[in-house]
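Structural overview for review
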Amino acid sequence: MICSLSHFSTLLGITYQSRKNKPHKKILLRFTEIVEEGQSSTNLLEIITKEPDSLLIQILKVFRKYVSPETSVEMSKRKSKIPDIIRDFGYRLHAIGQVKKIVKPSYA
């Protein structure tokens, strides 16, 4: 499935309007960049934890929506818990290839 940024944001339950929701656009674009960097879904989570605190929670929400619907944002907020999440939920994460197919074209 290929989608634009506005469609991607709609899938996330975010109404994207270019001027009103610039923070959402920033989050979605950054998530897309991180997905491109990721070599696996677990690696994607590790990369996300290196994001600044100002973006971390929002990007984790997007991660949860597309990669790991079974983990809570609250659980993944604590960076020290990430290895446990990977160990306990890693096999349930959606494949990075699937995620890349969804978000890659959202740069538009």
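Shown above is the structure to which this text applies.
Note on numbering: residues in each chain are counted from 1, in written sequence order. Per-residue local features are limited, in this predicted model, to residues with pLDDT of at least 70; the limit for side-chain atom pairs, both in listing and counting, is 80 or more; totals at the level of whole chains, interfaces and linings are taken over all residues. In computing side-chain properties, one takes all heavy atoms of the structure into account and sets aside hydrogens as well as water.

**Focus on the overall build of the protein**
Along the protein, the regular secondary structure elements total seven helices and zero strands. Strands here mean DSSP runs of E at least two residues long; helices mean DSSP runs of H or I at least four residues long; both are numbered from the N terminus. Helices and strands in the protein line up, N terminus first, as α-α-α-α-α-α-α. The buried label applies to any residue whose accessible area, calculated with a 1.4 Å probe on protein chains only, is under 20% of its type's maximum; exposed applies above 50%, and partly exposed to all values in between. Looking at the protein as a whole, 40% of its 108 residues qualify as buried. Considering only residue pairs separated by 6 or more positions, the protein has 59% of its internal contacts joining residues 24 or more positions apart. The accessible surface values rely on the Shrake-Rupley method and a 1.4 Å probe; as for residues, cover is taken only from the protein chains in view. When the accessible surface of the protein is totalled, it reaches about 6,300 Å², and 52% of it is carbon and sulfur. Here a residue-residue contact requires only that any non-hydrogen atoms of the pair lie within 4.5 Å.

**Things to note about the side chain of Ser68**
Considering the arrangement of structural elements, one finds Ser68 in the loop between α4 (53-66) and α5 (73-77). Overall, the relative accessible area of 3% leaves Ser68 in the buried class. Sequence-distant contacts of Ser68, defined by excluding residues within four places in its chain, comprise Phe63 and Leu93.

**Some points on the nonpolar core**
The criterion is simple. A nonpolar core is a set of buried Ala, Val, Leu, Ile, Met, Phe, Trp, Tyr and Cys residues joined through side-chain atoms within 4.5 Å. Among the nonpolar cores identified, the biggest contains 25 residues, and Phe31, Val35, Leu44, Ile48, Ile59, Phe63 and Val67 are the most heavily contacted of them. Elements with a minimum of two residues in this core: α2 (22-37), α3 (41-48), α4, α6 (82-89) and α7 (96-103). The leading source of residues in this core is α4, at seven residues. Excluding anything up to four places from it in sequence, Val67 contacts Phe31, Ser41, Leu44, Arg92, Leu93, His94 and Val99.

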